[in-house]
Amino acid sequence: MDTPPEPFQELASLASGDGSIEQAKALTEALNAIPDLQKWLREQRQRVVRTLHERDGMSYTDMAPHLGVKPERVSGIARGHSRSPRKKAAEEG
């Protein structure tokens, strides 16, 4: 894959150029930060879903087809529930 998926095209600059140790380091740092990025994205999605529901009165049923999930899942997103289990701090260390 020569170009990153659409939402991440700005990261393509990390892979451009002839290749250097600095580039390899930047790519490693980006890879290592993916869990933090996923957490941030989940938090932002939760905030937006809650805003749409509370401020605009949009139902979870109306949001579901746009997000490609069932209304129950949208409700879970709004509550901050994740489908995938995350490791607990005790398990990580």
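Residues numbered from 1 in each chain as written. Predicted model: local features only at pLDDT ≥ 70, side-chain atom pairs only at ≥ 80, totals over all residues. Heavy atoms only, no water.

Colleague: I'm lost on the nonpolar core in this one. Help?
Modeller: It is characteristic of soluble globular proteins that their nonpolar side chains tend to be buried jointly. Counting residues in each nonpolar core, the largest one holds six residues, listed as Val49, Met63, Ala64, Val74, Ile77 and Ala78. For this core, the elements supplying multiple residues, two or more each, are helix H3 (60–67) and helix H4 (71–79). If one sorts the elements of this core by residue count, H4 sits on top with three residues. Excluding its chain neighbours within four sequence positions, the residues that come into contact with Val74 are Val49, Tyr60, Met63, Ala64, Leu67 and Val69. (Core = buried A, V, L, I, M, F, W, Y, C linked by side-chain atoms within 4.5 Å. Buried < 20%, exposed > 50% of the residue type's maximum accessible area, 1.4 Å probe, protein only. Helix = DSSP H or I, 4+ residues; strand = E, 2+ residues; numbered from the N terminus. Contact = heavy atoms within 4.5 Å.)

Colleague: Even after reading the chapter, I still don't get the packing of helix H2 (residues 34–54) against H3, so can you show me in this structure?
Modeller: Between H2 and H3, the least distance of the axes is 10 Å, while the angle of their chain directions is 140 degrees. One finds that H2 runs oblique with respect to H3. Handedness of the crossing formed by H2 with H3: right-handed. On H3, the residues touching Val49, Leu52 and His53 of H2 are Tyr60, Met63 and Leu67. Its residues assigned to classes, the contact of H2 with H3 comprises five nonpolar, one polar and no charged. (Axes fitted to C-alpha atoms, helices over the stretch in contact; angles between N-to-C directions. Parallel < 35°, antiparallel > 145°, perpendicular 65-115°, else oblique. Left-handed = near helix turned anticlockwise from the far one by under 90°. Nonpolar A, V, L, I, M, F, W, Y, C, P; charged D, E, K, R; others polar.)

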